[in-house]
Structure formats: structure tokens, C-alpha cells
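Examination of the molecular architecture
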Number of protein chains: 2
Amino acid sequence: MATDIEIARAAKKLPVQDIAARIGAAPKDIIPYGHDKAKLSAGFLQRQSARPDGKLILVTAINPTPAGEGKTTTSIGLADAMNRIGANTLLCLREPSLGPCFGMKGGATGGGLAQIVPMEDINLHFTGDFHAITSAHNLLSALVDNHIHWGGEPKLETVRTSWRRVMDMNDRSLRNIVSGLGGPGNGAPSETGFDITVASEVMAILCLATDAEDLEARLSRIIVGYTREKVAVTAADIKATGAMMALLRDAMLPNLVQTLENNPCLVHGGPFANIAHGCNSVIATSAALKMADYVVTEAGFGADLGAEKFLNIKCRQAGLAPDAVVLVATIRALKMHGGLAKDELSKVSYEALEKGLANLARHIENLRSFGLPVVVAINRFTTDTEGEVHALQAYCEKLSVSVALCTHWAEGGKGAETLARSVVKLIEDGTADFKPLYPDNLSLLEKIEAVAKSIYRADRVEAARAVKNLLAAWEKAGFGHLPVCMAKTQYSFSTDPALLGAPEGHVVRLREVRLAAGAGFVVAICGDIMTMPGLPRRPAAEHIHLNAHGQIEGLN
Amino acid sequence: MATDIEIARAAKKLPVQDIAARIGAAPKDIIPYGHDKAKLSAGFLQRQSARPDGKLILVTAINPTPAGEGKTTTSIGLADAMNRIGANTLLCLREPSLGPCFGMKGGATGGGLAQIVPMEDINLHFTGDFHAITSAHNLLSALVDNHIHWGGEPKLETVRTSWRRVMDMNDRSLRNIVSGLGGPGNGAPSETGFDITVASEVMAILCLATDAEDLEARLSRIIVGYTREKVAVTAADIKATGAMMALLRDAMLPNLVQTLENNPCLVHGGPFANIAHGCNSVIATSAALKMADYVVTEAGFGADLGAEKFLNIKCRQAGLAPDAVVLVATIRALKMHGGLAKDELSKVSYEALEKGLANLARHIENLRSFGLPVVVAINRFTTDTEGEVHALQAYCEKLSVSVALCTHWAEGGKGAETLARSVVKLIEDGTADFKPLYPDNLSLLEKIEAVAKSIYRADRVEAARAVKNLLAAWEKAGFGHLPVCMAKTQYSFSTDPALLGAPEGHVVRLREVRLAAGAGFVVAICGDIMTMPGLPRRPAAEHIHLNAHGQIEGLN
């Protein structure tokens, strides 16, 4: 079979103006970037606001394993299939980060016959959104240090300045640095560092803002540090917000591309799914709901992290309510959750499968607790046996959950038509009655406990006195109404990545909390969270190159 | 009068497709970025290569003073004027850097009625070229540190690794940093820092490369550090070149925009004019010569730095030969060179003017020594008196140099028609017989001396033994044929910024030399060169913002 990039390159793309017409946008309503990418203009977005909303479908997954589950691929396959069966559907995905493309092999535009194109562009610079976010973030960093350098008011203390810098690169050497060396002309020496751009609060803010006004208000609220008297100093205090907005003028507009089957797709924003909420922008999702009868979107990692944050943070803040949830699983991954090792997954083992199904069942239960109907999508591998498929179907029947076999990787949208029909039926049944897990007025610690107990099935949350004091101080400062953004391993319901399946009775240790006042959440860090990845011994970069026709090779 | 941004915003822009038609490019030959910016496709560029070359006009200036000389504005006004008088002309300019936009007030797209548009876009992210260059540079940095981290071959020594990082930002705190702190998982501690993107060798390389093949070869030759045995380690050794090329795929294509008078303009690349050569890309200039009868281009700073490097580096490497040179001056600046203070420039002083004219005369003499015919463009201010203008004209007559009064800032192309006619006449006279100042086979130190003595009129060059040894070592290693890239103050012919007018008999102290093996020159640093600017006490960023219509304000 051809590689993903070969398939993508052979795609019969339609001009982006034709794709725009599918969502009611005239050529003047888009800002083209080449012939196959565009941004939707601010004026066009505004004109859609009075239209009724379509139905929202969230694609999420079981806890990821090295076997892979194919959540993005399934989202793309589903959107293509919905359009095939006559359901007018618009897909909303995240933008990939440049960094990982050069690290481990793998972009984030789907695979096989379920891809969005132009694959190389989307995976690299795309329309420059991440570069704009990087610039806006680092402009604030430069302005903060400049404020300290010239002794501006309010007086920021270097040792209480928490605003780092970002780069869209996997670069471990920048995690911890000392800046401002070489004398007073070069600023004040300061312990600081760089995060990858997707971990920037500016990224989270851009993805949660409902419009330009809200974006500006959120940027203004960013806390960059504190005075000696521990008074918070914000981006607005530093007079940085206006210039950041100028840099983000185009980045806040959703990007339009197409699937291999020429269906429209909005790709916009890509916050980390650990220290941020991990879904595409609210602006894109809200706009999409105005432009199509159905909107398919995706949340990062497994449902315990991605869906939980999609529902408790994004939907809460933006007033969104999903109508159905697709839970993606593979038989191989379920067998891993049931105890098989990575190199044993081709082996038929009903015991491992049945044991692993507990992970699936737990996610179904959790998602239903939000008042949402669920359909299970089995992303089928050729190695899956009929017997294994039957066992899985029987199990789902026992749980009264519909299940659909999908072969979109090999067949494109055709391979996800069963899933599409199940989704449409689920929505037509009209059983969705979304409610977030916790109300705004619980204390911050109670919110963390609610997630840990209801979703992770932990017995309790442990936190040091200092952490609890910080939460209490933020409540006193008026941030108690914020939702919590959980940061923990994506591989397990627990905080131990090795604990697969459906563990319970474990303890969640709350190591650290961070206030993202602009994004509007409190990050609860439970475990080791890496905000700047490193490159592997043999980075993918070594094999990426331009061929004799000027096309990119090695980006798979 | 309206501000520059107000004038730019009120411009009656033509669709970029119409501008493309002016240079023979069909809609499919361009890659649009919005409706008013585009890149020329690689295929289109290739198809032009067999066409005959037009005439090349270099716009340069006297030594800059705080009074301003208006080189970019004159370039734009001249191109508009040439097109007005029926001379089919294409303008080639540099891309502005993001950093300075937020520092001191001022973009780099001209001013008054001599501007290129869209002003805000060109001054901010434009088509993403600088972001791509930043990414390619920093990917190499990450790969270098990763190579050291994993102990790859050839073994690079941390203390001999000279490849820094870049950011398109004025951020003094990043000039000197220690990276890799926090334990072995975060790389090795290392003294390093960031330069502004325009100071990146990748920028210089992109601007000197003749095509994709040459770009790749130059990137491969970048020296990132040395082994313990002092053997140079290159980007090719680190296997970084292919991925850098992938990141630069679009950045190497020239950008097409328009002047306020709807004439085409290529804007591409923007290397520093001190540690690099300070002109737009060779790819853009060479392509422009195929697409128009006349090409107007500009070199950074005064003629002693900008024109010298344009001629000795860019023209030498790319096989270009100018047909005429426009030397821009203002009466105010000449009076400053003659001894008037900045706040006395409105005063009529024939004595100061005559004394200051020595600066103009020296540049004329220097430019003629390259075998090039010169015309002086007086960028007229309303405060200039008739008497001063006459004195200047008389002086130019004495030097047998034609002089043209220009009012393009207030009147657009109409105000530079006299200049345009002088330029066309100069070219039709056919007196240009370009030869670089020194041959390839002089030693590196002799080349530096040639510039210092012939152009700067210094008595001698002083250099420490260590500096001389380094030059000798590079000659031995096969880099002796390279031209030299002089880095000194732009304010004086000498290395003392306070020495205005036409000093002679001074001493040039060669402080430091750097080998830019990829760009293909040896940087000779004579004075304090800042490769990462800082922000002023009141940065322009404080006043930049989006207005209620989503338009950028405060970028002037």
C-alpha cells in the first residue's frame, strides 16, 4: 500500500473556493492561502451568527496504547461517511504542532484513505497560526522582561515572574535556562525556560475565546508574575494586549481544508491535552455548527482526559452541548488493556480481550454520566478475527451500546457508513441531555476530587498543604468559579501509566497547581508533565527532505 | 496629512492576480496569500530563466543620520515614476523584521504616498518567510544539541558549538543564556544565546542562494561547531539539511505585492546589513530581471556598507551587474554631516551644507570606482530652501553628476519623474562597466584592507594576532576565496559613529572575524555589533492594537 504522503499527494483536490461554496462561503468570504487552504473571513463568520445550530458529535477514545486507536482517522472517516449518506457534515480538527513532526514519525492529518489535505502544509507551517501564537507569546515575554529592565510600574519581581517563552520545536535544552546574563545591559539574570507552543496559555486562550473581544479580554487577564507584595501583574498591566491582538488578527480565523473525499474540514488551534484542554478552537466549532447540519469534532487523548475537558471546560465556557459521542477502540488496544504485550497483539486471546473491555465499559459509563448517548467505533485491523469481533459486539450488546465496525483507513468514507448511520440514529433518538460533571460553585479542590472520583474512580486526592493553600488563595482572589484542567498520564485512568484496564481505588496525588487566568482554568498536575519534548536518538528530521520535484518526502 | 497606515489602508489595491498579470504570471503561476499578496510558483520562475535580463538599478544612500534619508521611500517612488514614464519597471525590496515593529516606531514599507501595501501584513507575519527561517534555524539548533545529547558521530564538543538560536523579536534577555540546565535529561549545560532572525546565517543563505539546489548546498555547508580535534562539523554531518529544506520550501519563493500606484513589487528576504549583506534575495532580483525592462532594488544602510556588500558579495556571487546607481540624500542630513545638531536642521546654513557635501562626494567617488554611473536623488523636505537646493545642484554639477529633486513622499511617483528620466538616460548612455573592488584570490585580510582603504579611506587595519591566525586557518581550510562581509557602524565611513562627513586617515580595528561557510562570506567585525536588539523604555507595542473593525492601528 502507498504511504500516507503518497496517498495525500495523489489526492484529487478541489480548489478551496469550491470547498468554501459547500459551507456557503463565496470567494470573497475566504482568505486563500495557496489554492487548497483558506481562512474564513471575520465578516463571513459574523454573518453566520444568526443561523440555527447543527448537531455536535464528539469523537473520543479509550485510553491510548502503543497499538494505536485511530481517533483522528475515525473522525475523518466518519465525516466523509456522513456526507456520503446524505448528512451534511462539517469536520473540525486541531492543527498539528511542528515539533513532533521532526521528532517521532507522524503528523496529525489522519492516515490511509481517511486524511485531510494538503497533508505536508497542514503538518508544517499551514497558515501560520502557531507562528503567530509563538510570536504573541514571546512578545509578551520580551515586554515583561523589558518592563523589569526599565523599572516600570507595577514593579514586577524577577523571582516572581512566571511567564516563560515558547517555541514550536522539540528542544530539551531549552526546558531550563538562565537568561539575562552578561551584565545589566542584557536584562536581569533569571531562571526561566521554553515550553512547546501548544503548551502556551496564549494557545489555550485562542482556542477558548468566543470572538475577538473575548480573546482580548482573556489575553488581558494573563498573569505574568507578581509584585513583592504578591499582587498579580497581568498582560494588560504591561500594556501588551493590543500588540498581541495585532499578531493574532488572522490566527483567530478558522482554516478551511478538505478531506481526500473533498468534504470541508475546519482545522484550527491545537492546545496540549495535558496542561491545556486539547481540542480545536471554540470559534471553529461554533462557526461550524452554523454551517452544517452535523459537526464532527475530536478531543485529545482518551475520554478520561480529552472528553472530560472538552465537556467540563470547552462546552461549559462556550455553551456547547454535544448530541452524541463516538468512542473509538481497536481490538488490539483492548487486548493490551487486558494484559497482552505489544508484540503479542496479533495473537487471538478472548481472555485478554474480555479483560480489556473493562476500559471500554468504564469510558461508556463515564460518558453516559454526562447525559450523552454513545456509539462504539471499532477501527478494524486486518488481523482482527471474526471471533474477536463477535465477542466485542456481544459485550457491547450487554452494555446496551451500539457498535460499528469501521474500515475507513483502507476504504475511506465508505468504510465508516455503518458508523455514520448509527450516529445519525443516535441523534435522531434525541436522548442527549448534557450536563457538566460539577457546578461552577464547588471549591477548586472539590472539582478536582469530582473528576478523580467520578471519572478516574480514585479513592481520594492527596495534596500538600502548600497546594491547598494556593487553591484557597485563588478562590479568595476570585478565581474559585473556574473549571479545573487535569494534567495526568493519558495511558491510564489512574496517575500510573502502567495501570491499564479499569483500575479503581487508587490515589491521585496532586503535585502542583497552576492558574491560567486568561484561559480560564486551574491546571491540576498529577504526575510528570513534560511541556517541552525532546528529540529521539534518530529524529524523523533525518529523513525528511525535498525531492527533485520540490515535494516533501519522509513526513509520514 | 494622514498617517502612513491611514494612507495604506485607503489604497485602491488591485487583486494580486491583476498585479501578477503585469509580470506575465497567470493565476495558476502564483500562490495567493489573501487577495493582495502572493508567492511566485517555482514552475513559473523556472519558465522565465531563458528570457533576457532587464537593467538593474541600485538605490543606496549617504551615511544615515537621525534626520533620515528615505531610501526605501525613494526606491518605491522611483519605481512608480519609471512606470509612469513608460519604462516597464519591477521593484525588489527586503522584508521587514517583526522585532523592530514593536520596538521603535517604524515599519519598512515606505511612507507618505510612496508605500507598498498591504502595509500591516508586510510588516507583521507577511507570508511567513521569517517564521520559516526561524524554524529552520532552530530545528538545526535542536538537532545539534540532540546530537550532543545522544553522543552522535562526529562528536561535537559543547564548548566548541557555536550555533545559537534565533527569534524574530527584540529581546535583550536572550542575548546570553545558559541552556540545558536541570540534569542530564535536559541536555548539557551550555553558554549560548539568541540572535534576531535577520541575523541568522540561514537568512543570509536564503538571500544569496540562486535556486533550491544551491540553497541545499549552502545549508549543508553551515558550520555548527567543532570536534575536540578542531574539525568542523556541518549541518550536513548532523543530517539536518533535508528537514530545513522542507521548512523553507515556500520561503524560498519571492513574494509579490503592489505599490500604492498598483505597480508590482517583489519583497523577499531581509538579512541584517551588518553581520550579513543587507539586500533582498538573489532569487527575487534574478527573477525580476527576467520579468521587466528595469529592476529597482535597494541595499541597507549607507553606500559604504550596503552598496559595497551588494556589489562585492551579492553581485559577485550571483553574477549580477548594475547598470546605474541612485544615491539618496537629504539636505537636512547633509547639514548634519556638516556639523549641525539634530535640532538645528531647519536653519539655513550654506557652510554646514557645503561641509556635509563631502560625504556625498565620497560616496559618488566610491561608487564610480566600481565602474558604475551615479545619479543623486534629493529627497526634498518642505523646509529645504531654494538657495540650499541651488547650492547642492551647483556642487553636483562641479562633480559632473546629475541630480534630481524628488517629492514622492508627498506626491507619489509623479514626484520622482525627473529622477526616473535621469536614470533612464544614464542607462541609455551605457557607461556602466561593473567590476568588484577586489578579486577572489586576494587573501582575506587583504580584502578587508581593500575595503577599509578604498571605501572607508582608512590608513590601515589593525588586528590581533589571534584574529589574523583565524583568517589564515580558514584560508588553509579552503575558504580563502570568499568575499568579506564588513560589520561596522552605519553612521560613519570610519568605525566611530560620531565621525560624520568624509573622514580619512583613520584606523579600522578588526575586533573579531566569523566564518559563514554556508552564506559564503567571512564577517569582519569592526566595532560593537548587536545581533539581538532590545526594546526601548516605551516600546511601540504599547500603542499597537486592533480597532473595532479588526484593523491594526499604531503601526507607523
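Residues numbered from 1 in each chain as written. Chains lettered and ligands numbered in written order. Predicted model: local features only at pLDDT ≥ 70, side-chain atom pairs only at ≥ 80, totals over all residues. Heavy atoms only, no water.

Under the convention used in this document: UniProt positions are given in the numbering used here, feature names are shortened, and annotations may be inferred rather than shown by experiment.
Chain A is annotated in an unreviewed UniProt entry as Formate--tetrahydrofolate ligase from Hyphomonas polymorpha PS728. Quoted straight from UniProt, the Sequence similarities (unreviewed entry) entry for chain A says "Belongs to the formate--tetrahydrofolate ligase family." Quoted verbatim from the Catalytic activity (unreviewed entry) field of UniProt, the annotation for chain A is "(6S)-5,6,7,8-tetrahydrofolate + formate + ATP = (6R)-10-formyltetrahydrofolate + ADP + phosphate".

**A word on the sheet that holds strand β23 (residues 521-525) of chain A**
Residue and element names in this part refer to chain A. The condition that has to hold: Pairing between two strands requires that DSSP report at least two bridges joining them. Each helix corresponds to a stretch of at least 4 residues labelled H or I by DSSP, and each strand to a stretch of at least 2 residues labelled E; elements are numbered beginning at the N terminus. Helix axes are fitted to C-alpha atoms over the stretch in contact, other axes to C-alpha atoms as well, and angles between N-to-C directions run from 0 to 180 degrees. We call two residues contacting when some pair of their heavy atoms lies within 4.5 Å.
Strands sit in the order β20-β23-β22 across an open sheet of three strands; the sheet is mixed. Edge positions in the sheet fall to β20 (484-487) and β22 (512-516), since each has one partner strand and no second. If you compare each strand with its neighbour and ignore which way they point, the axes differ by 20° on average. The sheet contact formed by β20 and β23 spans four bridges and is parallel. Residue Ala487 lies in a different strand from β23, and its bridge partner there is Ile525. Strand contacts of helix α12 (residues 303-318): β20 and β23, with the helix running at about 170° to β20, the strand carrying the most contacts.

**Comments concerning the side chain of Lys314 of chain B**
Counting through the fold element by element, Lys314 of chain B comes out in helix α12 (residues 303-318). Leave out the neighbours within four places in its chain, and Lys314 of chain B touches Leu208, His277, Cys279, Asn280, Ser281, Val282, Thr285, Lys309, Gly319 and Leu320 of chain B.

**What about the interface of chain A and chain B?**
Rules: What gets called buried area is simply the loss in accessible area from a 1.4 Å probe that two parts show on being joined, summed for both. Here, a salt bridge means any side-chain nitrogen of Lys or Arg that lies within 4 Å of a carboxyl oxygen of Asp or Glu. Whenever two N or O atoms come within 3.5 Å, that pair is a polar contact, provided that in protein one can donate a hydrogen and the other can accept it, and provided that, for residues adjacent in sequence, both atoms are side-chain atoms. Basically, the charged four are Asp, Glu, Lys and Arg, the nonpolar ten are Ala, Val, Leu, Ile, Met, Phe, Trp, Tyr, Cys and Pro, and anything else, Gly included, counts as polar.
Taken together, the 63 residues of chain A in the interface contact 63 residues of chain B. Buried surface at the junction of chain A and chain B, summed over both partners, amounts to about 5500 Å²; 62% is from carbon and sulfur atoms. In terms of surface lost to chain B, no three residues of chain A exceed Trp150, Arg172 and Arg249 of chain A, which account for 11% of the buried area on that side. The residue Arg249 of chain A makes a salt bridge to Asp121 of chain B at a minimum N-O spacing of 3.1 Å. If you look at where chain A meets chain B, you find 31 residue pairs in polar contact (both at pLDDT 80 or more). Listing elements by their share of the side of chain A that touches chain B, those giving two or more residues are β1 (30-32), α6 (119-123), α7 (129-149), β7 (165-167), β8 (177-179), α10 (241-248) and β24 (545-546) of chain A. It is α7 of chain A that provides the largest number of residues to the side of chain A that touches chain B, a total of ten residues. Classifying every residue of the side of chain A that touches chain B by side-chain character gives 32 nonpolar, 20 polar and eleven charged.

**A few points about the environment of Arg316 of chain B**
Residue and element names in this part refer to chain B. Position of Arg316 relative to the elements: it lies in helix α12. Residues Arg316 and Leu266, spaced 50 residues apart in sequence, show a C-alpha to C-alpha distance of 21 Å. In this view, Arg316 contacts Leu311, Pro436, Tyr438, Pro439, Asp440 and Pro483; residues no more than four positions away in its chain are not counted.

**Topic: a nonpolar patch on the surface**
All names here are of chain A. Defined as follows: Patch definition: residues above 30% relative accessible area lacking any salt bridge, with like charges linked at up to 9 Å and the nonpolar side chains Val, Leu, Ile, Met, Phe, Trp and Tyr linked at up to 5 Å. Accessible surface is estimated by sampling points in the Shrake-Rupley manner with a 1.4 Å probe; for residues, cover comes only from the protein chains shown. Think of it in three bands: residues with accessible area under 20% of the maximum for their type are buried, residues over 50% are exposed, and the middle band is partly exposed, with areas taken using a 1.4 Å probe on protein chains only.
Together, Met1, Leu113 and Trp409 make up an exposed nonpolar region whose accessible area comes to about 330 Å². Tracing the sequence through the fold places Leu113 in the loop between β5 (110-111) and β6 (114-117). With a relative accessible area of 31%, Leu113 lands in the partly exposed category.

**Structural notes on the relation of the copies chain A and chain B**
Defined as follows: In this comparison the copies share one frame, found by least squares on the C-alpha atoms of residues holding pLDDT of at least 70 in both.
Least-squares fitting of chain A to chain B yields an RMSD of 0.0 Å, with the superposition described by an axial translation of 0.0 Å and a rotation of 180°. Classification of the inter-copy transformation places it as that of a two-fold axis. Among all residues of chain A, the one whose C-alpha sits closest to the rotation axis is Tyr33 of chain A, at a distance of 2.3 Å. A shared binding surface is used by both copies, with 100% of the interface residues of chain A retained as interface residues in chain B.

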